[in-house]
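# Reading the structure
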Amino acid sequence: MQKSILLGSTAVATLCATLSLMAQETEEASAPSAEALARMAPGPMHEKLEPLVGNFTMNGKWRMAPDAPWQEFAAAIERRWIMDERFVEERVTGEIMGQAFEGRGIMGYDNTRAEFTMVWIENVSTGTWFTTGRLVDGKLVFEGQNSDAMTGEKNRWSKSVLDLGADRHVFQGYGRDASGKEFLNAEMIETRE
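Heads up: these notes are all about the structure in this document. Fair warning: this is a prediction, and the values are worked out from it, not measured in the lab.

Moving on, we come to the packing of aromatic side chains. In this structure the tally under the stated criterion is one aromatic pair. With a centroid separation of 4.8 Å and 70° between ring planes, the pair formed by Tyr109 and Phe116 is classed as edge-to-face. Assessed through its relative accessible area of 14%, Tyr109 is described here as buried. Its relative accessible area of 1% is what places Phe116 among the buried residues. Lys61 extends its terminal NZ or CZ atom over the ring of Trp70, reaching a point 4.6 Å from the ring centre. Lying across the ring of Tyr174, Lys159 places its NZ or CZ 5.1 Å from the centre.

Next up on the list: the environment of Asn155. Summarising the element assignment, Asn155 is placed in strand β8 (residues 153-164). C-alpha separation for the pair Asn155 and Trp129, spaced 26 residues apart in sequence, amounts to 9.7 Å. Look past the residues within four positions of Asn155 in its chain and what remains in contact with it is Gln145 and Asn146.

Before going further, it helps to spend a moment on the pattern of salt bridges. All chains considered together, the criterion is met by 10 salt bridges. The salt bridge involving Arg91 is made with Glu102; its shortest N-O contact spans 3.1 Å. With Arg91 in strand β3 (residues 87-96) and Glu102 in strand β4 (residues 99-110), this residue pair connects regions lying 11 residues apart in the sequence. For Arg91, a relative accessible area of 36% gives the class partly exposed. By relative accessible area, which is 26% here, Glu102 ends up partly exposed. Connected through salt bridges with shared partners, the residues Arg79, Glu90 and Glu190 form a single ionic network.

Calculation notes
- Residues numbered from 1 in each chain as written.
- Predicted model: local features only at pLDDT ≥ 70, side-chain atom pairs only at ≥ 80, totals over all residues.
- Heavy atoms only, no water.
- Phe/Tyr/Trp six-rings, centres within 6.5 Å; stacked < 30°, edge-to-face > 60°.
- Buried < 20%, exposed > 50% of the residue type's maximum accessible area, 1.4 Å probe, protein only.
- Lys NZ or Arg CZ within 6 Å of the ring centre and 35° of its normal.
- Helix = DSSP H or I, 4+ residues; strand = E, 2+ residues; numbered from the N terminus.
- Contact = heavy atoms within 4.5 Å.
- Salt bridge = Lys/Arg side-chain N within 4 Å of Asp/Glu carboxyl O.

What follows is the structure in structure tokens.
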């Protein structure tokens, strides 16, 4: 009887030791590597978005086609860091064609993909813009697709170029005409308040 109790106790102790060792190995295996931790943290490319943070007034113009007349508008822009300075959230409010306008965006930098990212929504459309970007000569260049309620296109191409000064930004938006040729369809100048 003592022998079976001793064997039973040894088996339980061995099982506990094995389970403890397995849990430790699993914990070590699931701990992120230094490289993974670096990819998860904000870095130097996130700092490139810092000039966007703050309050701005914006004056701009837009058109739907290369030969269409320009429509002017003004807006207020409010941007702030969110998610421990991983993303910049923006809110744009103004008036376009006599109606109230509100847009929201999220910009960031994806360390793993090595590209800037932006998502945009607004109250004059049900579409969502998805764009990715890169730095080109000190400017952020985003390209992506969105649905276009005006034309019915499900995957309209778009390009945005954002020249980031400390207190003044110039935004240029590009579309494609019916033949597929790129044209300037929006230009906005933001000034820090």
